[in-house]
Structures are given as structure tokens and as C-alpha cells.
Amino acid sequence: MGANNLLPGMQRIVANPRIRWAHDPQLWVELFVTMNLAILAVDIYIAHSVNHFQKWPEYIPLYFSICAPVLLALVIALRWIWNFLPPWRDIGYLIGWLSILVGLAGVLYHLESRFFLDRTLKSLTYAAPFAAPLAYTGLGFLLLVNRMVEVRTSEWARWVILLALGGFFGNFVLSLTDHAANGFFAHTEWIPVISSALATGFLLVPLVTPVTRRYLDLCMAVMFAQGAVGVLGFWFHMQANLIEPGASLWDKLVNGAPPMAPLLFPNLVGLAFIGIWAALPHVPEPPVGKSWLGTAYAWAGAERQWFPAD
Amino acid sequence: MSFRSVFIALVTAFALILAAFLVNRARPNVETDQPTADFVRASGKCAECHARLQYSVVHEYEMSNHAKKGVNCLDCHQPAAGQEKIDHHGFVISKHLTAGNCRGCHEPIYQEYLRSRHAVPSWAAVHGTEGLTPEQVNFAETYQPGSTKRPPNALTLPEGHPAVAAGCEQCHAVGKPNNDGTVGTCTECHSRHTTSVELARLPTTCAQCHMGPDHSQIEIYNESKHGVMFAAQRNLLKLNADPRTLTTRDMFVPTCATCHMSGINGLKVTHNPSDRLSWYLAAEVSTKRPNYLQAQINMKQVCTQCHTQAAIDRVYTQAELVLASTNEKVLAAKSIMDGLHKDGTLTGPPFSHPIDFTYFNLWHYDGRTSKHGAFMGGADFVQWHGNYELLLKQTELQHDADELRREHGRK
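Residues numbered from 1 in each chain as written. Chains lettered and ligands numbered in written order. Predicted model: local features only at pLDDT ≥ 70, side-chain atom pairs only at ≥ 80, totals over all residues. Heavy atoms only, no water.

**Q** Please clarify how helix 11 (residues 264–279) of chain A should be interpreted in this entry.
**A** For an α-helix the count is 3.6 residues per turn, leaving residues at separations of three or four pointing the same way. Residue and element names in this part refer to chain A. With 16 residues, helix 11 extends 22 Å from end C-alpha to end C-alpha; this agrees with the ideal 22 Å at 1.5 Å per step. Along helix 11, the residues that are buried comprise Phe265, Asn267, Leu268, Val269, Leu271, Ala272, Ile274, Gly275, Ile276, Ala278 and Ala279. The inward-facing, buried residues of helix 11 abut helix 2 (25–49), helix 6 (134–148), helix 7 (154–181), helix 8 (191–208), helix 9 (213–243) and helix 12 (292–299). (Helix = DSSP H or I, 4+ residues; strand = E, 2+ residues; numbered from the N terminus. Expected span 1.5 Å × (residues − 1). Buried < 20%, exposed > 50% of the residue type's maximum accessible area, 1.4 Å probe, protein only. Contact = heavy atoms within 4.5 Å.)

Here is the structure:
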């Protein structure tokens, strides 16, 4: 009896007009970018502590990641609470462009650490992770997409999926080069490489060919697997750091397996989900039966929220 | 769901995975066939910082045989038994590297070195038994009798610690006792990150210490036919040839290492130069070493790789005649000094009178130079830098002794 009441009760909450904001994919993308920039501050602090912020440009992403989320949170509040749009648009553009710049400059700086000394695959493996700063570029593009492309269109959804794909491809490169530094000593180090390759492959399809909702179901299943891989990776990295020698836990975290890196997987699952969810209304229902995602979409009343009958 | 979608997804994913496997497979085995992940990471991760901080260190290592054979930074820098450990950016390394780190792979060579005068006796020549354990002293005395149970060098006190630390110890640390219980560091001759056999074969490497008036081997070598030919033909020599298969085709002109250590043409390699030395040439009055006969046979075997037996015997006979003559001259001078001490003319600590220096220079500089010159083919060092100086100082010594006796009212 209780269970019978639970689902309708939840449905009422989800469909409540007072939380209409929760159905806005544009807001979710903004929150995703804000949260990621903030987390990057911690990540950068750990990563650049390896060489004690030896060069002053290493502080740029740190300060950027501290300031940008605060500003973004402010303009998001102005936009979604007080319906004041111009600051959200213009500050967002500014942060977006700066973020792209920080990312691209970061790639060059990271390559400079070793790669430009002797341009070999080996030096690329052991250089500072050259693909990592592209996280900023991806986040910057997300801010621009959110402002330059009309939300809830198929194009918007595809751009978001593309950027999630870019993230997973980055994960593929990072997990490959990072684990190559260990010579894939533990076979489990191949898991994120294989997993992110699958994610890249599956997210590529909606961008290059029409897909069905059943395919998007499969995409989400692959994405859930990515989330599990991320959590498993976090556990493995923490375990390795606790076992590894080091003067202190901080020393182990700084010099050991990067604890935050595997969490990129569940993080990107979130972005991919926003894109897939936003793509759903533009993908026809299968002729026989309903897809899992389509059912969830209808249950949540998303169509009613954004495509009212009037 | 269309087949096309799944096909594209899986083919793309598979292509990426295949590319990853192929790239990883292309890595040299020496990089990846390591006992732990730390060892795999070591070379690249260490170089990532040190190539910027100390480029030459990484560059020298990359050119070394160690690098070619997959011996990476951690192999040498990991703490050996008894060494102080430090955490270093995720690696546990030794605070100070010693011969203890090299012996992990080169134990027989370390054992040979340990029995040589390059080991503990070298340190004892400056500091006596100070800093040595009784076991180290006994071990050294077993293989090099009279080399270690001795007082510190009489010059260390009047010259003072800074001179000893920056001077004497720079060479004599080749046999310095380490905190981990081992002795010396192999890098004195092989350099640190170069770890080079080529470097150890160069006369200039030995000349870091075997030079100057007290042991002028490099000057003598440079004057000798061996040295002249080396200067002319060093570019034609294969100085980096594998010690196990070294022949006179590689080293057709000898350097110090060729005669004193190398296993040329199948002879036994040794890291104990005493194996081929028949006399204590550096001694005040030279005597035969305990292994005189065997050592002379060993050295003559090396000589025969290039010279006829008659020529070798002639050189040895001539050199031993010079040695005997030098001994006589030193003994004559020594008897003058002993007489001064005996009759009370000369008192006080060593090196407190000019005549002490005259006598010291006589045997320590000129006597040694004369003997080394004779055995190493340095004619000028036998004559002008050796015997002429011996004669001069012998005369000065006699004159000074007579003056001192007159000053003290003795005849």
C-alpha cells in the first residue's frame, strides 16, 4: 500500500510547478560548470603541489577556479531567482572565453614541461598531463553553448553530448598516459581505458546518425557503467595512496595516484545525462513498447513542463 | 535501436582500445619489465622534474649503459641495507648513496675493491683507524698488512681540518667508511649518472688523484710512450668495450686501467690493483708485497699482450735496480734523521723543523717519483724529477743536519 502511494507521491513532487526550475537543462549545465570549476580548484591545488607551484602561471587556474564559481553562482542566482538576465549572459560569456583560454594555455604549459625537450611518446607519458587543462576549455564551451544555442533544441542537446564525449575522450587519453607511466602494472589499470573508449564510442553515435530512444537507453546503461568505474577507480586510487610510502597523507595524495581523477567518470555521466535527457523529445518513441528513458521522461512530466499543451 | 548505431559505437570503441594496446605494446620492455610499479614510474617520473632542475644528470644517465639495460633511477637510489631513508615525491629513496647501492648488482667487484688499497687503507692513510670499525680494520689488515693500523697522517694536525676536508679527503674518500657499514663510493671512478666504464678507463680519471709531486703517475704516463700514443690515437680506441670481452683490438694503446685492472684478451678483470703490483712503491723504503711473485706474473701477463718477454724482463730488472738504488738513498737520508732524533738535536712534533720537510720531500716526492718513473717508462722522472732531486735534497739534508748539530753544540 505504502509502495503504491510512493510513486504517485514522488511524481507529484517532481511535477510540482514550484520546482519547475529543476526541469531546466540550461540551469543544470550552469550548475555543472560551476561545481566543476570549484572542484578544479581543489584538483589544481593538489596537482600543482607536486612541484610546489614552482612557476607563477601555475597559480592562474587556481585563482580562476576560486573566483569563477563564485561569480557564476551569483549570476545564476540573479537569473533563476530574480529573473535578471544580462549579468548571467555577459559574465557567463566572459568566464566561458577565459576558461577556454586557460585550458588552451594550460595544454601548452603542460607540454613544455617535458614534451618540447624531446618529442617522444615517452616524454608525453611522463609530462604533466597535457590533456588535463582541456577540462577548462570544455567547461568554457559549455558556458558558450548555453548562451549561444537555443536550449531544448536538438542542436543544444547534441552540443552537450559532444562536450560530454570530449570529456570521456579526455579520460581515455589521461587514463592511458597516466597508467602507461606505471606500465599498466596492475591489469585493473586498463579498466578506465576500455570503459572511456566505450563511452566515447556510444556518445559519438547520436552526433553522427539518427538514433532511437532504445539506443539512448543503451547509452545510459553504458553511462551507469562509467559511474561504477569511477567509484571503483576512486577506491583503487585511495587504496594505492594509503599503501604507498609517504611522509604524510597529504604527501601521498599529492605524489600518489590522483584521487580526484576517477571521479571525472561519474561527473561526466552527469553531463551526458543532461544531454541525453534533453535529446529525448527530439527522438521518436520506438514503435513497439516504450524506452526506459522515454517512460521516465513521461513520468517526470518533463514534456508538460517545457512543451505545454497550449 | 538500429544496428547501425550499435555498430558505429562498438567499432569506434574497439578502434580506440586497439590503438591504446598497440601504443602500450610499442614501449621498450626495459621500461615495463620491472618488479614494481614504482620501478616502472621511476625513470620517467624522476626525469620529469630533474630534466628541468639538473638536466646534465638526466642526460648523463640517458647515455649510460644502465639506461640501455633498463636500470632506472630507483634501482640505484632505493635504500640499501642500513641506509637512512627519505620520502621523495612518492618514492622512498636513500639519503646518501654509497658502494652499498652498487653492490646489490656488483657484489664480486665490490669484494675485490674491498681487498684493495683503494678501500679502507686509502682512508687510513689520512685518518688512521678513526671512523673505522674493528672488523673493517682487521679485514683491511688481512689483505693489506700494515695499511690500516696506523696513526692519522702527521700532516693532518698542522694543516688543519679545512685543508684535510677539501684536500686530502677528496681523494682518500675513495675508501671512506659509510654509515651503512660499507666502504667508499664507486662513483669516485665511474662518476655518478654516467656510471661509465669508458670514463674509468681514461687516464684523466685516475689522474684526479694520481698526480702531483707525491704520486706523479699521470705526469709519468703522459711522458711515457704509452701516454704519447694514447694522446695520438685515443679516438681510434674502443674505450667503452665490454670488460668481459676486451681485447687489444679494442685497446691497442694502454691506459692506467688496461695494465692495472682490465681483463684484456681473456685475462681476469680486477678491481684490486694490488693483484698486479709487486712492490710497495709509495712506501718510504719500498719492500716487496706479500704477493710479490704472483703480482709480478699477473702484470707481466698483461705486458705480454703487446711486448716480448725479453723487453718486459729488461724493464723490470732496470726498474728494480732503480728501486734498490732509491731505497739506499732514502735509507741514507733516514739514518741522518734518525741520528738527529737519537742525539736529541731534533725534538718536537713532526713537521716542526725545516729539515723535517726536506726529508719528507726527499722520500715522499723524489723517492716515489724515481721509483714510479722507473716502472712506468718515465725516463725524465727517474732522472731529473727523481734522482737529481734526491741527490740535491740529500746534500741539503746533510748540510742542514750539520748546521743543526753545530747550533746545538754537537759535532
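**Q** Could you clarify how one ought to interpret a nonpolar patch on the surface in this entry?
**A** A contiguous nonpolar surface patch, about 550 Å² in accessible area, is contributed by Trp56, Tyr59, Ile60, Tyr63 and Ile66 of chain A. In this structure Ile60 of chain A comes out as partly exposed when scored by relative accessible area, which is 37%. (Patch = residues over 30% accessible without salt bridge, like charges linked within 9 Å, V, L, I, M, F, W, Y side chains within 5 Å. Areas by Shrake-Rupley, 256 points an atom, 1.4 Å probe, with all protein chains shown as cover. Salt bridge = Lys/Arg side-chain N within 4 Å of Asp/Glu carboxyl O.)

**Q** When you look at helix 18 (residues 292–303) of chain B in this model, what are you seeing that I'm missing?
**A** Residues and elements named next belong to chain B. In this model, helix 18 (12 residues) spans 16 Å end to end at C-alpha, consistent with the 16 Å of a helix rising 1.5 Å per residue. Looking at helix 18, one finds that the buried residues are Tyr292, Ala295, Gln296, Asn298, Met299, Lys300 and Val302. Residues of helix 18 that are buried make contact with helix 17 (256–260) and helix 19 (309–342).

**Q** Is there a simple way to think about the interface of chain B and chain A in this case?
**A** Reports often express the size of an interface as the amount of accessible area lost when the parts come together. The interface is formed by 39 residues belonging to chain B together with 44 residues belonging to chain A. Counting each side, the surface lost to burial between chain B and chain A is near 3500 Å², with a carbon and sulfur contribution of 64%. Inspection of the chain B/chain A interface yields zero salt bridges. If you look at where chain B meets chain A, you find one residue pair in polar contact (both at pLDDT 80 or more). Breaking the side of chain B that touches chain A down by element, the ones donating at least two residues are helix 1 (3–25), helix 2 (29–32) and helix 3 (37–53) of chain B. The biggest single contributor to the side of chain B that touches chain A is helix 1 of chain B, with 14 residues. Its residues placed into classes, the side of chain B that touches chain A shows 18 nonpolar, 11 polar and 10 charged. (Buried area = accessible area lost by both parts, 1.4 Å probe. Polar contact = N/O pair within 3.5 Å; in protein donor to acceptor, adjacent residues only side chain to side chain. Nonpolar A, V, L, I, M, F, W, Y, C, P; charged D, E, K, R; others polar.)

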